Amino acid sequence: MECGGELSRCFTRRKAACVKIGPAVDSPGIHGPPARPDTKVPRMTAHKPLALTAATVAAAMALAAAMALAACSGGASTDPNTIEIGSLYEPVNLSNIAGGGQGVTEALNGNVYEGLFSLADDGTIQPQLATSYDVSEDGLTYTFHLRDGVTFSDGSSFDAADAVHSINRVLAEDSQSARKSQLAVINSVEATDPQTLTVTLSQRSISLPYNLSYLWMVPEGFDSQTETDGTGPYTLDAWTKGSTLALKARDGYWGDAPKNDAVTFHYYTDATAMTNALSAGDIDIITSLQSPDALATFQGNSDFVVSEGTSTTKELLAFNDAQAPFNDARVRQAIYSAIDREKLLESIWGDAGQVIGSMVPPSDPWYEDLTSVNPYDPERSKSLLAEAGAEGLSFTLDTPSYDPHPTVAEFVKSELAKVGVTVTINTITADEWYSKVYKEHDFQATLQEHVNTRDVVWYGNPTFYWGYNNEAVTALVDEAEQASTEDEQTEKLRAANEQIAADAASAWLYLYPQIVVARSNVSGYGVNGLNSQFVLSGISKN
């Protein structure tokens, strides 16, 4: 094939736009664990191949053309010390307390910013900027011993005063961090000396170290949505909104130096355009494959490595439980049972992913299979709607404009029409979702992906955006947090989750597959998407 002329790379079964504009946002405040730099990365092909459909063949032909172009163009960046990453999740801003979304976690957590603790790939809590801690007998006072010799990217030293500021900014009245409610048990934070931090609680909090792993340590007085200043191995080089975010390795990092000099995130609003960019050699790696039709093309191709890890990302149909008609559990149950989740998942991901029946993924300690609680049963749906006096129901579904939500919305609309429910799809941008749904709670129902581990506890907070308010659940979540043992915590949260599922507080549709695709000369990346973070320091390119 000759190189030259125009070769279109805008192919998808859903749309044909490959414009890199606008952010793709997950529920604000949702953050993720670092995949540790020394993680051994499986060199394998995903073991759940998709069925070959006409759309798959069309996508494969488009990707084959893109690969031919890549062979002529020479592939991704020729600088072996620069890693080019493709992502659908551009940050809204660069703050962890202003609704930066999934993208800010993916790019900055563990890379630019670090916490007192980090979450390992297996979900365990590891010391990071706190080397150890002591707990008083009554469980109300935590004394954290901080790592010495740590500096921020501006050259200033990290100490306990910075930790005090970092915690207080998350607890501040104007903070929009989703961890704010979990940390409301903090009564006071004090710098006992430069390397010792004392935190006093109003009640026991068995999850305190876990919750602190989500908090970035920033310099005293720092609070910016467009600049960065962290203790991590990278610093911000440039952010071109709607296009790229570039990081560069910094001097003076306290830990092991990164295996690369720089990383650039390239942001796309179309999943197929992103996979085509990988095929064409414009990028080196995709953090989470979201173009299912492309998977068959990468599988078995020696130029690429396809790895499937563990996911905690849930696709939700979230109701506004605080307002009619969804303040009636029977209506929510009816909607849930009208949706064939197996068919939905297969239509998007083939054999990949997993149908779920609650907010709790298998990686959480309190997981149990609750898919049978609200089974697919259109007759049950019709009966419940009649019982609730909601026959002929209609509602508006606020749908984020980025994949896979438009496809899911159309499927849900079609399924609900079979039981006499009319759905009006209102497509909104990520910014609009954040302001309209998350902040103002101005919606009837919405689609969104939630990426955290252990996030079922948000159903114990009636002020969270979905407005679910069950006093028994709130009490169980509170009791679990005050538990003295992990077994007791697990028992309480399992009971809470059973009630949440019975109430159909939301419709949990499926668990995303976590598929990372990279060029075969790239190594050292993590494959587990437990909380959406993508740690960069171990990645190298031959």
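Check the entry above for the structure.
Residues numbered from 1 in each chain as written. Predicted model: local features only at pLDDT ≥ 70, side-chain atom pairs only at ≥ 80, totals over all residues. Heavy atoms only, no water.

Now for the nonpolar core. Counting residues in each nonpolar core, the largest one holds 89 residues, and the members touching the most others are L317, I335, F395, Y459, W466 and W508. Residues contacting Y459, with those up to four places away along its chain left out, are L316, M359, W466, Y468, V473, I500, A505, S506 and W508. If you look at the next biggest cluster of nonpolar residues, it comprises 30 residues, including F144, V150, V170 and Y210. (Core = buried A, V, L, I, M, F, W, Y, C linked by side-chain atoms within 4.5 Å. Buried < 20%, exposed > 50% of the residue type's maximum accessible area, 1.4 Å probe, protein only. Contact = heavy atoms within 4.5 Å.)

What follows covers the pairing of strand β18 (residues 514-519). Most of β18 is tucked away, with six of its six residues classed as buried. Two elements, strand β11 (residues 285-286) and β18, share two bridges in a ladder whose sense is antiparallel. If you follow I285 over to β18, its bridge partner there is A518. Bridge count for strand β12 (residues 304-309) against β18 is six bridges, and the pairing is antiparallel. By the bridge assignment for β18, F304 is matched with R519. (Helix = DSSP H or I, 4+ residues; strand = E, 2+ residues; numbered from the N terminus. Pairing = 2+ DSSP bridges.)

Relative to each other, helix α8 (residues 341-349) and helix α10 (residues 405-417) sit at 145°, their axes nearing to 11 Å. Pair α8 / α10 crosses with right-handed handedness. Contacts from K343, L344, S347 and I348 in α8 reach T407, V408 and F411 in α10. When the residues that make up the contact of α8 with α10 are grouped by side-chain class, the tally is four nonpolar, two polar and one charged. (Axes fitted to C-alpha atoms, helices over the stretch in contact; angles between N-to-C directions. Left-handed = near helix turned anticlockwise from the far one by under 90°. Nonpolar A, V, L, I, M, F, W, Y, C, P; charged D, E, K, R; others polar.)

It is worth spelling out the sheet that holds strand β17 (residues 506-511) at this point. Ordered in space as β15-β14-β16-β13-β17, the five strands form an open sheet in which the pairing is mixed. Because the sheet does not close on itself, it has two edges, and the strands there are β15 (422-428) and β17. Averaged over all adjacent pairs, the angle separating strand axes in this sheet is 25°, with direction ignored. Summarising the sheet, strand β14 (residues 394-400) and β15 pair through seven bridges and their orientation is parallel. Among the inter-strand pairings, S394 is bridged to a residue of β15, identified as T422. Set on the sheet, α10 makes contact with β13 (314-319), β14, β15, β16 (445-450) and β17; between it and β14 the angle comes to about 165°. Packing against the sheet, helix α11 (residues 430-439) makes contact with β14, β15 and β16, and its axis sits at approximately 115° to β15.

Turning to empty space enclosed by the protein, a few remarks are in order. What the rule picks out here adds up to four cavities of 30 Å³ or more. Taken together, 18 residues make up the lining of the largest cavity; nearest its centre are Q102, S288, T313, Q514 and S532. Listed by contribution, the elements that provide at least two residues to the lining of the largest cavity are α2 (102-108) and β18. (1 Å grid on protein atoms, 1.4 Å probe; cavity = no way out; pocket = protein on both sides within 12 Å on 5 of 7 lines; lining within 4 Å. Points joined across faces, edges and corners; volume = space filled by probe spheres on them.)

It is worth spelling out the pattern of salt bridges at this point. What the rule picks out here adds up to ten salt bridges. The shortest N-O distance in the salt bridge between D328 and R330 comes to 2.8 Å. In this structure D328 comes out as buried when scored by relative accessible area, which is 19%. The closest approach of N and O atoms between E479 and K492, which form a salt bridge, is 3.1 Å. Residue E479 is located in helix α12 (residues 471-481), and its partner K492 is located in helix α13 (residues 486-502); the two are separated by 13 residues in the primary sequence. Ionic contacts of the salt-bridge type, sharing partners, join the residues D328, R330 and E387 into one network. (Salt bridge = Lys/Arg side-chain N within 4 Å of Asp/Glu carboxyl O.)

To continue, consider the layout of surface pockets. In this structure, the largest pocket spans a volume of roughly 590 Å³. In this structure, the largest pocket is lined by 32 residues; those nearest its centre are I125, I206, R454, E486 and Q489. Counting only elements with at least two residues in the lining of the largest pocket, the list comes to β4 (130-135), α4 (208-212) and α13. Here the element with the most residues in the lining of the largest pocket is α13; it accounts for four residues. Residues of the lining of the largest pocket, tallied by class, amount to twelve nonpolar, 13 polar and seven charged.

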